[in-house]
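Structural description and commentary
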Amino acid sequence: MRPRLLKFLSCPKCKSDFQLYSKEKGQREIIEGSLVCENCQAVYPIYRGIPRILDRENLSNEKRKIAMRFGVEWKLHKHIFELYEKQFLEWIYPFKPENFKDKVVLDAGCGKGRHLIQVQKFGAKEVIGLDISDSVEIAYMNTKHLENVHIVQGDISSLPFKKCFHIVYSIGVIHHLPSPYEGFKSLTSVLFKRGILIIWIYAQEGNDWIIKYFEPLRKKILSKIKPEILYYMSFLPSILVYLVSRMPVKVFYKDYLDYISKFPFKEIQSIVYDQMNAPITHFLSRQELEKWINESKQRCIALRHHNKNSWTLILEKIS
């Protein structure tokens, strides 16, 4: 943890400042230490360079399972591909790379850190990646050479940050929360006024066959299998998706299969495994997202149906 990260952090319980205590310092950062709340005296450890601002003892069983399964997933798929930049820009469109310049940015649910690398390259002043799982270890290894990137272990529903961000984005994450709407509200709470929230989530529209046929299988069987075993089980369906995506004629799911047809097999397997491994998945309708917009009283910049199977929602905070 670089000491300047402290100015962005606050206790998730009472929103007070932290006192920073270090036990072991590296050349530019604190490797081992602790954060102590000045008000409620809650203590959170820093180890292996990452502040762990997570109340593990009081996590729900659902969140424990989310943290465990996605922690394993990103350790198995720690690779970084060049295609991630194009993919990220498609997910956040019409938001542009130059809009990140000189901004303080939060990646909510950073996984292995692939988007952090892109955003710092676009000129962000500071980029903070947060994840509930031990994937923070992978994100830290993938970004530790980047001076303006910070990694924090924490919960989207109980964010350990002040209202300090110009931009918050969450790509493919809040649809895996027990309550996506609670995650949405929490993310808006740490934005400055006029700040931008970008969310990419699974759509109900265009995913009828997944909801009808695959989701019962995931809920009843796949989500109960150890993620390490599921990894090997994902090879066969991944081969099938890889081959079908490269067929000149596609009979269904054409937009999405065309989209992934240039992906290497390892990335397609990562996508298939992600679908099989998730303990919770929500598919959100346009009507539901419009309700979120109206209830939040924020300005909608874009609500775009991406590849006919997902939504990109971009809001500006006006209150």
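As a reminder, the structure under discussion sits directly above these lines.
Before going into details, it helps to say that this report is about the structure given with it.

Cut-offs used in this document
Residues numbered from 1 in each chain as written. Predicted model: local features only at pLDDT ≥ 70, side-chain atom pairs only at ≥ 80, totals over all residues. Heavy atoms only, no water. Pairing = 2+ DSSP bridges. Helix = DSSP H or I, 4+ residues; strand = E, 2+ residues; numbered from the N terminus. Core = buried A, V, L, I, M, F, W, Y, C linked by side-chain atoms within 4.5 Å. Buried < 20%, exposed > 50% of the residue type's maximum accessible area, 1.4 Å probe, protein only. 1 Å grid on protein atoms, 1.4 Å probe; cavity = no way out; pocket = protein on both sides within 12 Å on 5 of 7 lines; lining within 4 Å. Points joined across faces, edges and corners; volume = space filled by probe spheres on them. Nonpolar A, V, L, I, M, F, W, Y, C, P; charged D, E, K, R; others polar. Disulfide = S-S within 2.5 Å. Right-handed = clockwise from strand over helix to strand, strands pointing away. Contact = heavy atoms within 4.5 Å. Salt bridge = Lys/Arg side-chain N within 4 Å of Asp/Glu carboxyl O. Axes fitted to C-alpha atoms, helices over the stretch in contact; angles between N-to-C directions. Parallel < 35°, antiparallel > 145°, perpendicular 65-115°, else oblique.

**A closer look at the sheet that holds strand S4 (residues 50-51)**
Sheet architecture is open: 4 strands sit in the order S1-S2-S3-S4, paired in antiparallel fashion. Strand pairing shows two members of the sheet lacking a second neighbour, strand S1 (18-25) and S4, which therefore form its edges. One ladder, built from 4 bridges, connects strand S2 (residues 30-37) with strand S3 (residues 43-47); its direction is antiparallel. Within S3, the position partnered with Val36 by the bridge is Val43.

**Considerations on the nonpolar core**
A general trend in soluble globular proteins is that nonpolar side chains are found buried together. Core analysis: the largest hydrophobic core is formed by 49 residues, its most contacted members being Phe100 and Tyr169. Tallying contributions element by element places helix H10 (residues 265-277) first for this core, with 5 residues. Counting 44 residues, the second largest nonpolar core, distinct from the first, contains Leu9, Cys37, Leu159 and Trp311.

**Some details on the environment of Met247**
Here Met247 is to be found in the loop between helix H8 (235-245) and helix H9 (254-260). Placed 11 residues apart in sequence, Met247 and Asp258 show a C-alpha to C-alpha distance of 9.2 Å.

**Some points on the layout of surface pockets**
Here the idea is plain: a probe the size of a water molecule rolls over the atoms and shows the empty space left. Roughly 180 Å³ of volume is contained in the second largest pocket. Along its surface, the second largest pocket is lined by Pro12, Lys13, Tyr44, Ile53, Leu54, Asp55, Asn58, Leu59, Ser60, Lys63, Asp155 and Ser158. Considering only residue class, the lining of the second largest pocket consists of 5 nonpolar, 3 polar and 4 charged.

**A closer look at the state of the cysteines**
Using the criterion set out here, one finds 0 disulfides in the structure. Take Cys14: it sits in no disulfide, and the sulfur closest to it among the cysteines is that of Cys37, at 3.3 Å. No disulfide involves Cys110; its sulfur sits 15 Å from the nearest other cysteine sulfur, which is in Cys164.

**Some remarks on the pairing of strand S9 (residues 191-202)**
Across the 12 residues that make up S9, a large majority, 9, are buried. For strand S8 (residues 165-171) and S9, the ladder comprises 6 bridges, and the chain directions are parallel. When the sheet's bridge partners are listed, Tyr169 is paired in S9 with Ile198. Read from S8 through helix H5 (residues 180-189) to S9, the crossover connection turns out right-handed. Of the strand pairs in this sheet, S9 and strand S11 (residues 310-316) are connected by 7 bridges, and their pairing is antiparallel.

**A closer look at H5**
In an α-helix, one turn spans 3.6 residues, which is why side chains three or four residues apart end up on the same side. Here H5 has its buried residues at Pro180, Gly183, Phe184, Ser186, Leu187 and Thr188. Taken together, the buried residues of H5 touch strand S5 (104-108), S8, S9, helix H11 (286-296) and S11.

**A closer look at the pattern of salt bridges**
When the charged atoms of two side chains with opposite charge come close together, those side chains can pair. Here the structure, examined in full by the defined rule, presents 18 salt bridges. The shortest N-O distance in the salt bridge between Asp17 and Lys162 comes to 3.1 Å. Placement of Asp17 in the segment before S1 and of Lys162 in the loop between strand S7 (149-153) and S8 is noted, with a sequence separation of 145 residues between them. By relative accessible area, which is 35% here, Asp17 ends up partly exposed. When its relative accessible area of 29% is taken as the criterion, Lys162 is described as partly exposed. Note that Arg299 is salt-bridged to Glu316, the shortest N-O span being 2.7 Å. A residue pair is termed long-range when its members are at least 10 positions apart, and Arg299 in strand S10 (residues 299-306) and Glu316 in strand S11 qualify at 17 residues.

**Remarks on the packing of helix H2 (residues 83-92) against helix H3 (residues 114-121)**
Contact pair H2 / H3: the axes reach a minimum separation of 10 Å and the direction vectors enclose 85 degrees. Considered as vectors, H2 and H3 are oriented roughly perpendicular to each other. In this structure, H2 uses Tyr84, Glu85, Gln87, Phe88 and Trp91 to contact H3, whose residues at the interface are Arg114, His115, Gln118, Val119 and Lys121. Of the residues in the contact of H2 with H3, the class split is 4 nonpolar, 3 polar and 3 charged.

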